Structure formats: structure tokens, C-alpha cells
Amino acid sequence: MPSKPKARTALKGLVPVLLTCAALSVAPAYGAETRLSAPGAPAELTTRLTEASAVLSAAQDSDVQDLLAAALSDYRTLVQVLYDAGHFAPVVDIRLDGREAARIDPINPPRRIDEIEITVDVGPLFTFGRTEIVPLPQDSDTELPQGFASGAPASTGAIRDAANSGIRAWRRAGHAKATLGPQRITADHRKATLDARLTIRPGQRLRFGDMAVSGPSRVREDVIRKIAGFPKGETYHPDLITRSAARLRRTGTFSSVSFQEAEKAQPDGTINFTATVEDMPPRRLTFGAEVSSTEGLSVTTSWMHRNLFGGAEKLRFEARISGIGGSDDIDGRVALRLDRPATLGPDDNIFYMTEAESLDQEHFTAVHGMGGIGVRRVYSDQLYGEAVLGFDSILATDAFGKRRFKYVFASLRAEFDGRDSATEPSKGLFMSGRVSPFFGADGGDPGIQVTLDARSYLGLGQDDRIILAGRAQLGSVIGPSHSGTSPTMLFFSGGGGTVRGHEYQSLGVPVAGGTAGGRGFLALSGEIRGRVTDKISVVGFYDHAYVDADSFITSSSTSHSGAGLGLRYSIAGIGSIRVDLAYPVTGGNEDGAQLYIGIGQAF
């Protein structure tokens, strides 16, 4: 008698060993033949079913055991795809060598599988009958998905979107812990309708509590708090958290920023958060180059420190050398700028800037040095403004002779960027404007310089394969006489930034001593960009510009235009390599066609 329990124990211990041996002895599938059919289903739905099937994907390189497991999981997967498409009475058959997969004993599977056949009867397409989501916050503009309505095609996706909309509405009303409550989903197979009633559990209305800081960062914790501007004590709203995260990312100091709310609210009705940050490498070095057949080679470089003193201060040094091998002498510029975030508030930076530049252009030469202090305010992800107060000293020689200018100036600048991409825009609007009043520190004439740069983009065709791009540039100097204005503040046209096909800054205003810049300026550019492949695009463009001795463009303004063709090769993370060949249309150019090579779109 005592031996019987021992025998049973011994046999019981052999079971997993035997199962393992059986599994190891199973032969591979040897590339089973596969087929999926869904009679009467739209081609798009058939494609979705095929792509979702695990057993079809595994048929070529899996053993029998894996194929059987994949086939069994496909019943649930394919039914879910059909539910998402609005078919709530489907029938799914999965046969392995003619046997229904669900009826195959997984302990004693076949030695091999040569044919996999999936047949799907999608059934009727259901529509919503009665739809309801309760409760919703009062005095809210909650917009439920249009698909979650009586008579609309029914799908689990529409139900899911409606639930998310309801939860989001309560969270925006201050209920941070709103969740989905009981659901009642009823299908009427005779009428092919689906009734859906969703219940939301909003929980209590909460306020922001404390913010903890996590992550190995070189930025001081008190500075992180100051930059984030965490809204402690205010009623909870998800946009306020998004704004705090955006402020931290905007510094350029952090590679990752995330806010995590506590699992439970505090007894006093507050909800705490943890901000987790990761630093970017503290230093960055960049290079850039652009080549023009007449302007020569321009080389730029910049060096930046993202956290100079431990307060996310950004120090940026820039240098440029242009005109290498060009028709004019070499120009050079060096600039230094230090930004201190959240100095006056979480959305305000104070910055200090200085620069020195030597210019040797076709119609003037100048050496100037400038320094200033400014404030930058960010109003949204698309809009910011800057105000600068500074001093500029210029020694210049042009058609009016050699002169020195000393200006005390103020500059007000705003920029709006509503493009869908900064490097490869296909839609949206970009606008940048500056108003700079200046006063002669040595008795020179006071005045105002105004500039505007506006760009618009429109995508056409499937996936925006054709893009229409337009640009308008406007400039005006109001107040001082033509001869009493520094040539660095006057306007010229020609080159890659204004009118391609003409030499850089070749168009000005005729004066007795030669050619000078104008007090009035207008440039218009248009491009048609056509994508040939995912990476290659061809471009046709036309540029036209006016320059006038007066502050505004008139019928007597000098003008020129150019047109040409271009090629773009897109590189992820960088933008497009640009090659433009332009020819002067009006205004004359003895040098003929001009070639431009650079990185990024022309505008």
C-alpha cells in the first residue's frame, strides 16, 4: 500500500518531462502555405485582417508549436479587428491542414503543418442605436466624437474615443482622477444595431499640490521649480501641466521632461506631481556651409553651453565667414549671447548680447560693434516676443563717403510660427516682424527701421506631394535722410535670401557717387515644390524685388527678378540639401546663371 502514493508521485513528476520531450520532438513548419479570405469584405478590411494575423506572419519560420499558439491567439485578434470595423456578428475559422485550430490538442499536435487557411465571415455592418455617456460636466463644451451617435457606423474605436472624451472633459474641469465606470453595450443582431451607455466616475475636484523633482540633473532644483512655474494651489487642469513641461523643454537644457501625478489625492483635496528631467549634453558644436557661384563659400559655426552656472543659463557663441572665393572681399562676424531663463517669470528670459562684424560688400564697407540687453517672452509654442535696448557704433564707407554712426536703439520683435514643420513645411504661416527706433548718440538723425518677413505654405494632392510656398519681405527706414542713414540699416537685393539669379546685394539705388542701399524694400518669392520620391523633390521658383530711395516703394523704384529650377534631397534630422540654378529675368546680370548650394529650404 505505501508504494502506491510513491508510484503516483513518480508518474506525476514524469508528465512535464514527457511534455517537454514531445515539444522538442515536434518538427518545424517548413514554410506552410497560407491563405486568408473574407468574402464580401472591403479590400481595406481584408488587408487589416491579414496584417493583424500572427499565424500568417509566423508561417515561414516557426515550428508547429508556435504556429498553433499563434493560430489560437488569432481568434481574439481578428474578432477585435472586426469589432473595430463595426462587424459585431463575425465568424472566424482558422484551419491548419483542414483541422480547426481550436480543436487541435496542444499536447499532441501534428508533426508538421503545410497549409494554413483563414476564412472570415464578417457579417453585417452594425450601426449605433442609442448612445449615451453620463455624467458630463455642466457648463462645459465637451465635444463627443461624431462617430458616437445614433445611426453612425458602430465600432469599438468610436466607443473608446467617446469614453476618452468624457474622461478628458472631467479632467479639464478639475477632476484629475476621473475614470470610466460601468458600461452597458447591447447588440441587436436582428436589426444590426449596437446600443452603448457609458458611465464616468469623475471623483472629486482637485487642486495642484506639491511638485517633487526627480532625475540626475546638473540644474539646481530651485531653478527647475522656478522655470516650471508649477501652479500650486490652482484648480487642476491638464493644460497647466503641459505648460510647465513646455517651459522646461524650451530652455534646451533637458533631453527629457515628464510630469507624473500621484496615484491618490491628498486628504486636503490636492494632487501632487513628480517632475522627472534628464539633461542634454551640456555643450554643442555645430557647423554649416553654403556655396554660391558669385558670393563664394559661407561657413558658419556655433558653440553653446546649455547650463553655464547651474541655472540652465544658455551661452551661445556664433561665428561666420562669408565671401570666400567670391567676387567681394571676405566678411566676418562674431556674436555672443547669454540667456537666463525665468528671470522675471516662468515665461520670461533676460538675455545679454554683443557682436562685432566686418562687411565688405559690392556697394559699401562697414565695421560695427553692438551690445545690448533684452527680454524675451514666450506667449505660446507658436508666438514669442523680444525687446532689446542697446548701443551700436558703425564706421562705414559707401556712395555718400566715409562716415561714423553711433546709435542708441530699441528693438521690438515678434515671431509667429504656425508651420507644420520648421525644416520641411507643407502648410501653415510664418511671420516675423521688427520695429527698431534709433537715436543718433552723436547728433545723428533719429528714425525707425521696420522689417517684416511673411511666409505661407499650401500642400496639394495626396500626402502633399505638391507644395506651393510664398514669401514676402518688407523693409523701411523712416525719419533720417537717405545720406544720413548708416548703410548697414539700408536695404539691398540680390542673392540667395532675396532674388536668386542676381549677385548678392547687387541691386540698390543710383546716387551721384554710385549705388547706395534703399530706405524702402519689397521682395516677393514663389516656389512650386514637387516630391518625386520620399527624399527627392524638384522646385521651380520666381523672385522679384524693389528698392527705393524713399521709405516706401513707388512706381519709380528700381527692381529686378530671377527664376530657376532646384533640386532637394531630404535627410532626416537635418532637412534638405538644396541646389538651385537661377537665371536673371529682369535687371540684367553680366555673370549669367547663378548656382546656390545649401542646407534647408530657401524659405
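Values in this document were obtained by computation on a predicted structure and should not be read as measured data.

### Points about the sheet that holds strand S2 (residues 91–96)
Pairing is mixed in the open sheet, where 4 strands are placed in the order S1-S4-S2-S3. Bordering the open sheet on either side are strand S1 (33–37) and strand S3 (99–100), each of which pairs with just one other strand. Here S2 runs beside S3; their pairing, made up of 2 bridges, is antiparallel. When the sheet's bridge partners are listed, arginine 95 is paired in S3 with glutamate 100. Lying over the sheet, helix H4 (residues 64–84) contacts S2, S3 and strand S4 (115–121), oriented at roughly 160 degrees with respect to S2.

### Digging into the pairing of strand S15 (residues 348–360)
Across 11 bridges, strand S14 (residues 331–345) lies against S15 in antiparallel orientation. Bridge pairing links alanine 335 to glutamate 355 in S15. Remark: 2 residues form the turn of the hairpin made by S14 and S15, two consecutive strands paired antiparallel. Taken together, the 13 bridges between S15 and strand S16 (residues 365–378) define a ladder with antiparallel strand orientation.

### Topic: the nonpolar core
Judged by nonpolar contacts, the single largest core of 29 residues is most densely connected at Leu49, Val55, Ile94, Leu96, Ile116, Ile118 and Val120. For this core, the secondary structure elements donating two or more residues are helix H2 (43–52), helix H3 (54–58), H4, S2 and S4. The residues contacting leucine 96, other than those within four sequence positions of it, are Leu68, Ala71, Ala101, Ile104, Ile113, Glu115 and Ile116. Residues Ala176, Ile224, Ile227 and Ala312 belong to the second largest nonpolar core, which totals 24 residues.

### Some details on the pairing of strand S12 (residues 296–305)
Here strand S11 (residues 283–292) runs beside S12; their pairing, made up of 10 bridges, is antiparallel. Bridge assignment links phenylalanine 287 to a residue of S12, and that residue is threonine 301. The pairing of S12 with strand S13 (residues 314–324) spans 8 bridges and is classified as antiparallel. Directly across from serine 302, in S13, lies its bridge partner glutamate 318.

### Quick notes on the sheet that holds strand S5 (residues 127–134)
Pairing in this open sheet of 3 strands is mixed, and the strands run S5-S7-S6 from one edge to the other. Single-partner strands in this sheet number two, and they are S5 and strand S6 (179–188). Each strand of the sheet is rotated relative to its neighbour by a mean of 10 degrees, with strand direction disregarded. The strands touched by helix H5 (residues 156–172) within the sheet are S5, S6 and strand S7 (193–201), with S7 carrying the most contacts at an inclination of about 25 degrees.

### Digging into the packing of H2 against H4
Relative orientation of the contacting elements H2 and H4 amounts to 150 degrees, with a least axis distance of 10 Å. Regarding the angle of H2 to H4, the classification is roughly antiparallel. Read as a crossing pair, H2 and H4 show a hand that is right-handed. Contact with H2, carried on its side by Leu45, Arg48, Leu49 and Ala52, involves Asp74, Thr77, Leu78, Val81, Leu82 and Asp84 of H4 and no other residues of that element. Residues belonging to the contact of H2 with H4 are distributed by class as follows: 6 nonpolar, 1 polar and 3 charged.

### Details of helix H6 (residues 221–228)
The periodicity of an α-helix, 3.6 residues per turn, causes residues three or four places apart in sequence to face the same way. Burial in H6 covers these residues: Val223, Ile224, Ile227 and Ala228. Each buried residue of H6 lies within a common arc of 130 degrees when the element is viewed along its axis, so the set occupies one face. Those residues of H6 that are buried lie in contact with strand S8 (207–214), helix H7 (238–250), strand S9 (254–261), strand S10 (270–279) and S14.

### Focus on unusual backbone geometry
Omega for the bond connecting valine 134 with proline 135 falls within 30 degrees of zero, at -15 degrees, which places this linkage in the cis form. Topologically, proline 135 is positioned in the loop between S5 and H5. Non-glycine residue alanine 312 carries a positive phi angle of around 60 degrees. For alanine 342, which is not glycine, the phi dihedral falls at a positive 55 degrees. Along the chain, alanine 342 falls in strand S14. Classification of alanine 342 as buried rests on a relative accessible area of 2%.

What counts as what
- Residues numbered from 1 in each chain as written.
- Predicted model: local features only at pLDDT ≥ 70, side-chain atom pairs only at ≥ 80, totals over all residues.
- Heavy atoms only, no water.
- Pairing = 2+ DSSP bridges.
- Helix = DSSP H or I, 4+ residues; strand = E, 2+ residues; numbered from the N terminus.
- Contact = heavy atoms within 4.5 Å.
- Axes fitted to C-alpha atoms, helices over the stretch in contact; angles between N-to-C directions.
- Core = buried A, V, L, I, M, F, W, Y, C linked by side-chain atoms within 4.5 Å.
- Buried < 20%, exposed > 50% of the residue type's maximum accessible area, 1.4 Å probe, protein only.
- Parallel < 35°, antiparallel > 145°, perpendicular 65-115°, else oblique.
- Left-handed = near helix turned anticlockwise from the far one by under 90°.
- Nonpolar A, V, L, I, M, F, W, Y, C, P; charged D, E, K, R; others polar.
- Arc of directions from axis to C-beta.

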